[in-house]
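# Chain and residue survey
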Amino acid sequence: MESIVYKPSKFNVLVKDDETLIFYNSLSGKKAKTSNPNTIKKLQKLLKNDYIEEEDSSEFHYLKKNGFLVPKEVDEYKTAQLIRLDKVMRKSLRLNNAY
């Protein structure tokens, strides 16, 4: 079976101070932080690569599950446009139903 290749999301924001890594994905709305030095190193290594082969680590699965890593074929800009359109349409439908 062929493994899936992933890439870091274009919507990731990482902030690191002396002891803590805070990461946020503006598309999924997920955020997290860690102060564990080993975990910080693993996460930074995963998120700095252009492409990542699927691996069996808790860090990889967490990043994938929460949208920090996405399959390389995914067009995140198109996904963002669809999410925005969905929100606009829902708001429009609510306004129309109010009358």
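Reference entry: report on the structure contained in this document. (Residues numbered from 1 in each chain as written. Predicted model: local features only at pLDDT ≥ 70, side-chain atom pairs only at ≥ 80, totals over all residues. Heavy atoms only, no water.)

### Comments concerning the packing of aromatic side chains
For clarity, the cut-off: Between 30 and 60 degrees the pair is tilted, below 30 it is stacked and above 60 it is edge-to-face, where a pair is any two Phe, Tyr or Trp rings, Trp via its six-membered ring, whose centres lie within 6.5 Å. Helix and strand assignments follow DSSP, with helices taken as H or I runs no shorter than four residues and strands as E runs no shorter than two, numbered in order from the N terminus. Three labels apply to residues, based on accessible area from a 1.4 Å probe with only protein chains included: buried if under 20% of the type maximum, exposed if over 50%, partly exposed otherwise in between.
Under the criterion given, the structure shown has 4 aromatic pairs. For the pair Y6 and F60, a centre-to-centre distance of 5.3 Å together with 80° between the ring planes defines the contact as edge-to-face. Placement of the pair is Y6 in strand β1 (residues 5–8) and F60 in helix α2 (residues 58–65), with a sequence separation of 54 residues. For F60, a relative accessible area of 0% puts it in the buried group. An angle of 90° between the planes, with centres 6.4 Å apart, marks the rings of F23 and Y62 as edge-to-face. With a gap of 39 residues between them, F23 in strand β3 (residues 21–25) and Y62 in helix α2 connect regions that are remote in the sequence. The class of F23 is buried, set by a relative accessible area of 3%.

### Describing the packing of helix α1 (residues 37–48) against α2
Note the threshold: Fitted lines through C-alpha atoms serve as axes, helices being fitted only where they are in contact, and the angles separating the N-to-C directions of these axes extend from 0 to 180 degrees. Here the angle decides the label: under 35 degrees means roughly parallel, over 145 means roughly antiparallel, 65 to 115 means roughly perpendicular, and every other value means oblique. Crossing handedness: left-handed means the near helix sits turned counterclockwise from the far one by under a right angle, and right-handed means the same turn made clockwise. Contact criterion: two residues are considered in contact whenever any of their non-hydrogen atoms come within 4.5 Å of each other. Classification used: nonpolar for Ala, Val, Leu, Ile, Met, Phe, Trp, Tyr, Cys and Pro, charged for Asp, Glu, Lys and Arg, polar for all others including Gly.
It is the contact of α1 with α2, at a shortest axis distance of 10 Å, that shows an interaxial angle of 55°. Classified by the interaxial angle, the pair formed by α1 and α2 is oblique. Note on packing geometry: the crossing formed by α1 with α2 is right-handed. Between α1, through T39, K42, L43, L46 and L47, and α2, the contact on the second element is made entirely by E59, F60 and L63. Counted by class, the contact of α1 with α2 contains 5 nonpolar, 1 polar and 2 charged residues.

### Details of α2
The cut-off we apply is this: By arc we mean the arc of the directions from the helix axis to the C-beta atoms, nothing more.
Burial in α2 covers these residues: E59, F60 and L63. Around the axis of α2, the buried residues are gathered within 100° of arc, so they sit on the same side. Looking at α2, the residues exposed on the side facing more than 90 degrees away from the buried face are S58 and K65. On its buried side, α2 packs onto β1, β3, α1, β5 (52–53) and β6 (69–71).

### Some thoughts on the nonpolar core
Our working rule: Residues grouped as a nonpolar core are buried Ala, Val, Leu, Ile, Met, Phe, Trp, Tyr and Cys residues, joined through side-chain atoms within 4.5 Å.
Ranked by internal contacts, the top residues of the largest apolar core, which has 13 residues, are F23, F60, L63 and L69. Residue assignment for this core shows that the elements contributing at least two residues are β3, α1 and α2. Sort the elements by how many residues they give to this core and α1 lands first, with 4 residues. Other than its neighbours up to four places away in sequence, L63 contacts F23, L43, L46, L47, F68 and L69.

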